[in-house]
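Here is how the chains run, residue by residue.
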Number of protein chains: 2
Amino acid sequence: MKCRKCGGRAVLELRRHNTAFCGPDFLNFFQHHVLETVRRWRMFTRDEPVLVAVSGGKDSLALWEVLHGAGYRTTGLYIDLGIFDYSRASKARCEAFAAERGLDLRVVAVADEVGAAIPAVKAATRRPTCSACGLSKRYILNRAAMEGGFPVVATGHNLDDEAATLFGSTLRWDESALARQMPVLAATHARLARRVKPLFRMSERETAAYAFLRGIDYIVEECPFSRGATSITHKELLNRLEDTSPGSKAMFLQGFLDKARGLFQERETVTLLECVRCGQTTTGEVCAFCKLRDQVKRGVRPVEAVPAAEPPDSEDPPAARGLISDLHAASEIHAP
Amino acid sequence: MKCRKCGGRAVLELRRHNTAFCGPDFLNFFQHHVLETVRRWRMFTRDEPVLVAVSGGKDSLALWEVLHGAGYRTTGLYIDLGIFDYSRASKARCEAFAAERGLDLRVVAVADEVGAAIPAVKAATRRPTCSACGLSKRYILNRAAMEGGFPVVATGHNLDDEAATLFGSTLRWDESALARQMPVLAATHARLARRVKPLFRMSERETAAYAFLRGIDYIVEECPFSRGATSITHKELLNRLEDTSPGSKAMFLQGFLDKARGLFQERETVTLLECVRCGQTTTGEVCAFCKLRDQVKRGVRPVEAVPAAEPPDSEDPPAARGLISDLHAASEIHAP
């Protein structure tokens, strides 16, 4: 197989683009597509400081690498979920990545903000773990942006993530979630940062190849709480479809953005208020994050009773409900 | 496992309804649901003569059986596609079904209407087979209804069929197809019959169980040209989803009807004209069926050159294109 660009030996075939590239030409292709996405969707300018949410995984580190390499003003934010070895290893990857490149990395611990790390939140509340975790991450990310003077936050959501979320929302025809499915969520309130997803056109396989070829040391393991999640079932189904018809995921997501999303957005009318407790945006009186913090306060058992080093059960989380609550909670942080 | 109704031995578990039934109670359950669907969606009244499209398969024969049993005024229409043994066997099933019950069955042959049977149409045109066949069936069905004085035609599309069609349309965000995805398509022109799908809430497994338990002798084989069709891939994916979360298909279809279809319908503005050649409805000057007939006339090879008894190639039809053309062609017969 030959590189479509230089005719040299290809290392990666991209069936959905009906092409193949050698290493250097793939890296160029990837960077070009990401930066083109940033420009075309007016995600941010060269003057705007961008807070990049990094998890230690391939997507967010590849994103940070591309943006930094192109001269954008980036700062990393690592949210420490306190999930056993998984969090320790992912934090170390982010710190090493930033140190090697002389980049600024900020760290916020869920335990400090919510009152307990995610495993203890799971134990203390009846809420599905992915839901509480997603809510906490969105809240912390937005507040860190506001406090640090960042008008925009960037996350590493890739094509597979976005297509799977869209697939789940479409199966339920969840109008609010469909209205919010966007690569750019504008700041619709003074207390909200713009939220952008510059990798939304790049597949998981492509970001993995990019991170690998660039020698980025990322954490390969998935979060132990994600086992059995509905979003993973949906990703598997979409992968089967992609195998049969390369380009299906991109067609599904792009077709939605071009032809359908506007229909759902027109129906959405959300009035954002400020939480009487913390001042962050909410659709009610007290925001979902403050309610979660209260639940945790009431429910946390003494430290010795929480089996801190124990890996989570494999049947957790009750994923369908988790995803639904997660998406509902999202409306409190970002309304269209 | 016990019957939820009478406590006797259950023969069928319905996971999506979280229930199980003995044979007689399942038959009641099935009939009740179908008749309730006819009433709630105002598909037709007891006074209206209904033309039931029958293929010899489980769905259409089960539908005819339920409607006839409930006292509706039904007549069957079998469209002979001329597809080798498959058509011979399916026609025989329809004739036996009608004869045993003293019902009126009409037969129209595609060869008489289009100028050649489906295998020869396939050979004579470059059009995907499923597309030409679907177009011919819709045309013949509607014309037979008009000529026979039937205000309404009923087809045996079940939940699996409808969910798979919706899935395909959603993957492409095909706005016209989404606008037309309805269990009742009103007659929007004097030359159109109302088209209804009374089985759209019953799964394929349920209609198979009904036909089996009622002793209906139906053809089990699928059309040989359907091998490898995209719609079959989509059905398989939805089956995997249903296995993981029973009720997914129904939620997907019903959610669409309740929450999303109206959004797409509002955008659709189709003006129906009468074909200058045959008088049936079309969006252009000459309808798609007349164009197909012309293509066939020009392209049909002498009978001896067509390998009449040869089974079709397994890689046929180029299904994605087929489905798309099929759905486009549908707009010429039924606009919302």
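See the structure shown above.
Residues numbered from 1 in each chain as written. Chains lettered and ligands numbered in written order. Predicted model: local features only at pLDDT ≥ 70, side-chain atom pairs only at ≥ 80, totals over all residues. Heavy atoms only, no water.

Bringing the sheet that holds strand S7 (residues 184-185) of chain A into the picture now. Residues and elements named next belong to chain A. One open sheet accounts for six strands, arranged S5-S4-S3-S6-S8-S7; its pairing is mixed. Either end of the sheet is taken by a strand with one partner, and the two such strands are strand S5 (105-109) and S7. Bridge count between S7 and strand S8 (residues 194-196): two bridges; the pairing is antiparallel. Bridging across to S8, Val184 finds its partner in Val196. Across the sheet, helix H3 (residues 84-101) touches strand S3 (50-54), strand S4 (74-80) and S5, and the angle it forms with S4 is around 165°. (Pairing = 2+ DSSP bridges. Helix = DSSP H or I, 4+ residues; strand = E, 2+ residues; numbered from the N terminus. Contact = heavy atoms within 4.5 Å. Axes fitted to C-alpha atoms, helices over the stretch in contact; angles between N-to-C directions.)

Listed per partner, the contact involves 22 residues of chain A and 22 residues of chain B. Carbon and sulfur atoms make up 74% of the area that chain A and chain B hide from each other, which totals about 2300 Å². Taken as a group, Leu171(A), Trp173(A) and Leu263(A) account for 31% of the area that chain A buries against chain B, more than any other trio of residues on that side. Linking chain A with chain B are zero salt bridges, by the criterion used here. Linking chain A with chain B are six residue pairs in polar contact (both at pLDDT 80 or more), by the criterion used here. Among the elements of the structure, helix H7 (159-172), helix H10 (230-244) and helix H11 (248-267) of chain A are those that each provide at least two residues to the side of chain A that touches chain B. In terms of residues, the side of chain A that touches chain B owes the most to one element, H11(A), which gives nine residues. Split into classes, the residues belonging to the side of chain A that touches chain B amount to twelve nonpolar, five polar and five charged. (Buried area = accessible area lost by both parts, 1.4 Å probe. Salt bridge = Lys/Arg side-chain N within 4 Å of Asp/Glu carboxyl O. Polar contact = N/O pair within 3.5 Å; in protein donor to acceptor, adjacent residues only side chain to side chain. Nonpolar A, V, L, I, M, F, W, Y, C, P; charged D, E, K, R; others polar.)

This brings us to the relation of the copies chain A and chain B. For the pair chain A and chain B, the best superposition has an RMSD of 0.0 Å and corresponds to a rotation of 180° with a translation of 0.0 Å parallel to the axis. Those values place the two copies in the arrangement expected of a two-fold rotation axis. Counting the interface residues of chain A, we find that 100% of their copies in chain B are interface residues as well, pointing to one common contact surface. (Least-squares fit on C-alpha atoms with pLDDT ≥ 70 in both.)

With that settled, consider the packing of aromatic side chains. A full pass over the atoms with the stated rule returns 27 aromatic pairs over all chains. On the numbers, 5.1 Å between centres and 55° between planes, the contact of Phe256(A) with Trp173(B) is tilted. Of this pair, Phe256(A) sits in helix H11 while Trp173(B) sits in the loop between helix H7 (159-172) and helix H8 (175-180), on two different chains. In this pair, the class of Phe256(A) matches that of Trp173(B), namely buried. Against the face of Tyr72(B) rests Arg46(B), its NZ or CZ located 4.4 Å from the ring centre. Residue placement shows Arg101(B) over the ring face of Phe97(B); its charged tip is 3.8 Å from the ring centre. (Phe/Tyr/Trp six-rings, centres within 6.5 Å; stacked < 30°, edge-to-face > 60°. Buried < 20%, exposed > 50% of the residue type's maximum accessible area, 1.4 Å probe, protein only. Lys NZ or Arg CZ within 6 Å of the ring centre and 35° of its normal.)

Once that is clear, we can look at the pattern of salt bridges. Pairing between side chains of opposite charge can happen when the charged atoms of each approach one another. By the definition in use, this model includes 38 salt bridges over all chains. The salt bridge involving Glu206(A) is made with Arg16(A); its shortest N-O contact spans 2.9 Å. One end of the pair, Glu206(A), is in helix H9 (residues 204-213); the other, Arg16(A), is in the loop between strand S1 (12-14) and strand S2 (19-21), with 190 residues separating them in the sequence. The partner of Arg39(B) in a salt bridge is Glu36(B), with the nearest N and O atoms 3.7 Å apart.

Below, the discussion takes up the environment of Ala250(B). Residues and elements named next belong to chain B. For Ala250, the position within the fold is in helix H11 (residues 248-265). We classify Ala250 as partly exposed; its relative accessible area is 22%. Through-space distance from the C-alpha of Ala250 to that of Ala163 is 7.6 Å; in sequence the pair is 87 residues apart. What Ala250 contacts, discounting residues up to four positions off in sequence, is Arg16, Leu159 and Gly255.

Our next topic: a nonpolar patch on the surface. A cluster of nonpolar residues, Val11(A), Phe212(A) and Leu213(A), forms a patch on the protein surface that exposes about 300 Å² of accessible area. Among the structural elements, Val11(A) can be located in the segment before S1. (Patch = residues over 30% accessible without salt bridge, like charges linked within 9 Å, V, L, I, M, F, W, Y side chains within 5 Å. Areas by Shrake-Rupley, 256 points an atom, 1.4 Å probe, with all protein chains shown as cover.)

Now for the packing of H7(B) against helix H10 (residues 230-244) of chain B. Helices that pack against each other are described as a pair by the angle of their axes relative to one another and the distance between those axes. Residues and elements named next belong to chain B. Relative to each other, H7 and H10 sit at 105°, their axes nearing to 9 Å. By the angle class used here, H7 and H10 are roughly perpendicular. Taken together, the residues of H10 that come into contact with H7 (itself represented by Asp160, Asp161, Ala163, Ala164, Phe167, Gly168 and Leu171) are Ser231, His234, Lys235, Leu237, Leu238 and Asn239. A class-by-class count of the residues in the contact of H7 with H10 yields six nonpolar, four polar and three charged. (Parallel < 35°, antiparallel > 145°, perpendicular 65-115°, else oblique.)

On the secondary structure map, Ser60(A) appears in helix H2 (residues 58-69). Sequence-distant contacts of Ser60(A), defined by excluding residues within four places in its chain, comprise Val52(A), Ala53(A), Val54(A), Ser55(A) and Gly156(A).

Our focus in this paragraph is the sheet that holds strand S4 (residues 74-80) of chain B. Residues and elements named next belong to chain B. With mixed pairing, the six strands of this open sheet are ordered in space as S5-S4-S3-S6-S8-S7. The open sheet is flanked by strand S5 (105-109) and strand S7 (184-185), the only strands paired with a single partner. Against the sheet, helix H3 (residues 84-101) makes contact with strand S3 (50-54), S4 and S5, and its axis sits at roughly 165° relative to S4, the strand it touches most. Where helix H6 (residues 129-148) meets the sheet, its contacts fall on S3, S4, S5, strand S6 (152-154) and strand S8 (194-196), and the angle it forms with S4 comes to roughly 140°.

That's the geometry; what it means functionally is another story.
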